Amino acid sequence: MEYKLRWDKSTWLIALVVSGIIGVGILLMSYRGLGEAWHNAYYVPLLGYYVVLSICQSHYFKVKPEPSWNGLARQWVSITGAVFMFYGHEFLMKDVMGISSGAELMSSQFMFIVLGFFFFGMDDFMFKGQLSKWLKHDALKAIFWYVMMWIFWFVLFALPWSLVGALGDFNDVRLFWFLGSFQWVIMMSMMIAITWRDYLETIKFKNNIDRGIKLLTFSLLAGFVIAFMCYQIVNSLVPGIAEADKWHHVLYMGTYPLIPIILFGIYSNHFNHVKNEFKKAQFRTLWIAAWVIAGWIIFRLVIAPSGLFGDHPWWHHFDLVFNFTISIIALSHHWFCGRIGFMKPKK
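Model, not experiment: these values are computed from the prediction.

The rules behind each value
Residues numbered from 1 in each chain as written. Predicted model: local features only at pLDDT ≥ 70, side-chain atom pairs only at ≥ 80, totals over all residues. Heavy atoms only, no water. Phe/Tyr/Trp six-rings, centres within 6.5 Å; stacked < 30°, edge-to-face > 60°. Helix = DSSP H or I, 4+ residues; strand = E, 2+ residues; numbered from the N terminus. Buried < 20%, exposed > 50% of the residue type's maximum accessible area, 1.4 Å probe, protein only. Core = buried A, V, L, I, M, F, W, Y, C linked by side-chain atoms within 4.5 Å. Contact = heavy atoms within 4.5 Å. Axes fitted to C-alpha atoms, helices over the stretch in contact; angles between N-to-C directions. Parallel < 35°, antiparallel > 145°, perpendicular 65-115°, else oblique. Left-handed = near helix turned anticlockwise from the far one by under 90°. Nonpolar A, V, L, I, M, F, W, Y, C, P; charged D, E, K, R; others polar. Patch = residues over 30% accessible without salt bridge, like charges linked within 9 Å, V, L, I, M, F, W, Y side chains within 5 Å. Areas by Shrake-Rupley, 256 points an atom, 1.4 Å probe, with all protein chains shown as cover. Salt bridge = Lys/Arg side-chain N within 4 Å of Asp/Glu carboxyl O.

Asks: For this particular structure, what's the right way to read the packing of aromatic side chains?
Replies: Inspection of every chain in the model, using the stated rule, returns 40 aromatic pairs. Aromatic side chains Trp-150 and Trp-153 sit 5.3 Å apart centroid to centroid with 80° between the ring planes, which places their arrangement in the edge-to-face category. Note that Trp-150 and Trp-153 are positioned in helix 5 (residues 138–158) at a spacing of three residues, about one turn of the helix. According to the relative accessible area criterion, Trp-150 is buried, its value standing at 14%. Exposure remark for Trp-153: the relative accessible area of 0% places this residue in the buried category. Their ring planes at 70° and their centres at 5.8 Å tell us that Trp-196 and Phe-218 sit as a pair that is edge-to-face. One end of the pair, Trp-196, is in the loop between helix 6 (172–195) and helix 7 (197–200); the other, Phe-218, is in helix 8 (residues 208–237), with 22 residues separating them in the sequence. In this structure Trp-196 comes out as buried when scored by relative accessible area, which is 14%.

Asks: I'm lost on the nonpolar core in this one. Help?
Replies: Considering soluble globular proteins, one finds that nonpolar side chains tend to be buried as a cluster. By size, the foremost hydrophobic cluster in this structure holds 106 residues, and its most contacted members are Met-111, Phe-120 and Trp-153. In terms of residue count, the dominant contributor to this core is helix 6 (15 residues). Apart from residues lying up to four places away in sequence, Trp-153 is in contact with Met-93, Met-97, Ile-99, Ser-108, Met-111, Phe-112, Leu-115 and Ala-158.

Asks: Can you help me understand the packing of helix 1 (residues 11–33) against helix 10 (residues 258–266) in this one?
Replies: Between two packed helices, the angle of one axis relative to the other and the distance separating the axes together describe the packing. Two numbers describe how helix 1 lies on helix 10: the axes approach to 8 Å, and their chain directions differ by 130°. With respect to their mutual orientation, helix 1 and helix 10 come out oblique. Crossing of helix 1 against helix 10: the hand is right-handed. Residues Trp-12, Ala-15 and Leu-16 of helix 1 form the contact with helix 10, whose own contacting residues are Ile-259, Leu-263 and Phe-264. Partitioning the contact of helix 1 with helix 10 into residue classes produces six nonpolar, no polar and no charged.

Asks: Would you mind showing me how to read the side chain of Ser-108 here?
Replies: For Ser-108, the location among the structural elements is in helix 4 (residues 103–127). Residue classification places Ser-108 among the buried residues on the basis of a relative accessible area of 0%. Excluding residues within four positions of it along the chain, Ser-108 makes contact with Met-93, Ile-99, Trp-153 and Phe-157.

Asks: Please explain a nonpolar patch on the surface as it appears in this structure.
Replies: Together, Leu-140, Ile-143, Val-147, Ile-151, Phe-152, Phe-154, Val-155, Trp-161 and Leu-167 make up a nonpolar patch on the protein surface, roughly 810 Å² of accessible area in all. If you trace the backbone, Val-147 turns up in helix 5.

Asks: Honestly, helix 9 (residues 243–253) in this entry has me stumped. Any pointers?
Replies: Residue pairs three or four apart in sequence face the same way in an α-helix, which turns once every 3.6 residues. The buried fraction of helix 9 amounts to nine of the 11 residues, a majority that puts the element mostly inside the structure. Listing the buried residues of helix 9 in full gives Ala-244, Lys-246, Trp-247, His-248, His-249, Val-250, Leu-251, Tyr-252 and Met-253. Looking at the buried positions of helix 9, the neighbouring elements they touch are helix 6, helix 8, helix 11 (277–303) and helix 12 (319–337).

Asks: Could you clarify how one ought to interpret the pattern of salt bridges in this entry?
Replies: Oppositely charged side chains can pair when the atoms bearing their charge come close. Throughout the structure, instances matching the rule amount to 11 salt bridges. For the salt bridge of Glu-201 with Arg-211, the shortest nitrogen-to-oxygen distance reads 4.0 Å. One end of the pair, Glu-201, is in the loop between helix 7 and helix 8; the other, Arg-211, is in helix 8, with 10 residues separating them in the sequence. The exposure class assigned to Glu-201 is partly exposed, which follows from its relative accessible area of 48%. Between Lys-246 and Glu-243 there is a salt bridge, with the nearest N and O atoms lying 3.0 Å from each other. Within this pair, Lys-246 and its partner Glu-243 are both found in helix 9, separated by three residues, close to a single helical turn. Among the ionic contacts, a cluster of salt bridges with common partners joins Arg-197, Asp-198, Glu-277, Lys-280 and Arg-284.

Printed below as a string of C-alpha cells:
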C-alpha cells in the first residue's frame, strides 16, 4: 500500500506542534520535576545516547517504513540501551581508563556521543555502505562502527598528547572547539542525507568510494568553516566570556538546523513541486537557513526569557537539549513507526 502525508505540505507544522508539546513536556518533567542537577547529570547524556542508538537502529536494524505502532518497541530499545551505555561507558572511562570524575568524565561521554552521531550514519549517507560492505550482517556493521568510535574517541580525547588530553593536561578549549565544529560537520551530513539527497543522485561520481570521499571532504570543510563563522558571531556579541564558553555556544548553534531539516524534510513535500533538482536543493537550503536564524532569535527572545527552563546566560542556555529533544521525537517516529498518524493511504 502507498501512503501520502495526511495534511500535504502543511503536515510538518502539525508534526512540529505535536513534537513540541511532547518534547517540552518531557523537558519539564526532567528539569522541573527531577531538578536541574539531575537533568544535567543524567537526562542530557541519556538523550545523547538515545539518539546514537536510534541512528544505529535506523541504519543497521531497519524496519519496513510503513505506518505502524509496532515500532514503539524500538523506542524502548533505544531508551534502555542508552541507560546501559551511559553506565557502561562511565565504568570503562573512569574505573578502567582513569578519566577523572566530574566535568572531564561528562565531557568524555559527550565526545563519544558526538562521534556516534556521525559514524553510525556516515557510511550510508556518504559512501552508500561501501566502507562496511565486507561485513555480511548488519549487526556486525553496527559493532564495527561502534569499535571505530572507541578508537577515534581514544585518539582524540583520552591520550595525554591527544587533542583534548583527558589522561594528561585536559584542554577544555580544544574540546569545545572540536565538539562545536564537528556538530556542524554532522549537520552537513544530515543535509546530504535529507536536504540534498535528490540533487546528489543527479551527480555522476566515479563510484561510491569517490562519492563518499568528496562528500566527506565537503562536510568537514563546510562544517569547520561554518563553526568558525559562528564563533566570530559569538565573539563579537560577548567578547569577554571564556574561549571554551564561546565554542560551547557554537556547539549549541549547531543544533538549530535539526528541527527544520527533519520536520520540513520528512513531514512536508520538501519543495518537490520544483522539477529542477538543483533549484529544489537551493530552495530547501535557503528555507532551512532562514529557519535556523529564526529559531535562534526566537529561542533567545521568547523561550529563554520566559524562565520555563530556568535562568541561564544566553550563551549557555537550554537550546541544545531543546532542539535535540523535539527533533528526535519527530525523526524516531519516522524511523520506527513510519509517521503513523501523519500519513494516510493513497486512494
